[in-house]
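# Survey of secondary and tertiary structure
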Amino acid sequence: AQQAPIPEAFARQAEVKQAFGVWVAGVERGSPAAVAGVEEGDLILTIDGRPTTGLDDLLRALDHEAIGRTLELGLIRSGKRIAIRLTPRERRRA
């Protein structure tokens, strides 16, 4: 995931007011994101209604206190705003 500017035309179409979101570069098979339905290319705008404009916001929202608690992600997929529910879990150690 990485911070990504939201193109003006795209923002207008999806009625987005913020300038940045978190672009999903890939989703690990079997991960909480995959189970929740997050897809490569999604643009995450909010987590539990709070703007998510960069990777720091995303990591802060998914910290250890969020493990096991269901969060709502507001995102844009194919030019449309959607909401999905995601429940973070502890990362497996390699």
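Described below are features of the structure shown in this document.

## Topic: the overall build of the protein
Within the protein, the secondary structure is distributed over three helices and six strands. Of the regular secondary structure in the protein, the N- to C-terminal order runs β-α-β-α-β-β-α-β-β. For the protein, restricting intrachain contacts to residue pairs at least 6 apart in sequence, the fraction spanning at least 24 positions comes to 46%. Accessible area of the protein: about 6,300 Å², with a carbon and sulfur share of 49%.

## Brief notes about unusual backbone geometry
Residues other than glycine seldom take positive phi values, yet aspartate 48 does so here, at roughly 50°. Here aspartate 48 is to be found in the loop between strand S3 (43-47) and strand S4 (50-51).

## A short note on the pairing of strand S6 (residues 80-86)
Bridging between strand S5 (residues 71-77) and S6 involves seven bridges; their strand directions are antiparallel. Bridge pairing links glutamate 72 to arginine 85 in S6. Counted between consecutive antiparallel strands, the loop separating S5 from S6 contains two residues, among which serine 78 sits at a positive phi close to 55°.

Rules used in this analysis
Residues numbered from 1 in each chain as written. Predicted model: local features only at pLDDT ≥ 70, side-chain atom pairs only at ≥ 80, totals over all residues. Heavy atoms only, no water. Helix = DSSP H or I, 4+ residues; strand = E, 2+ residues; numbered from the N terminus. Contact = heavy atoms within 4.5 Å. Areas by Shrake-Rupley, 256 points an atom, 1.4 Å probe, with all protein chains shown as cover. Pairing = 2+ DSSP bridges.

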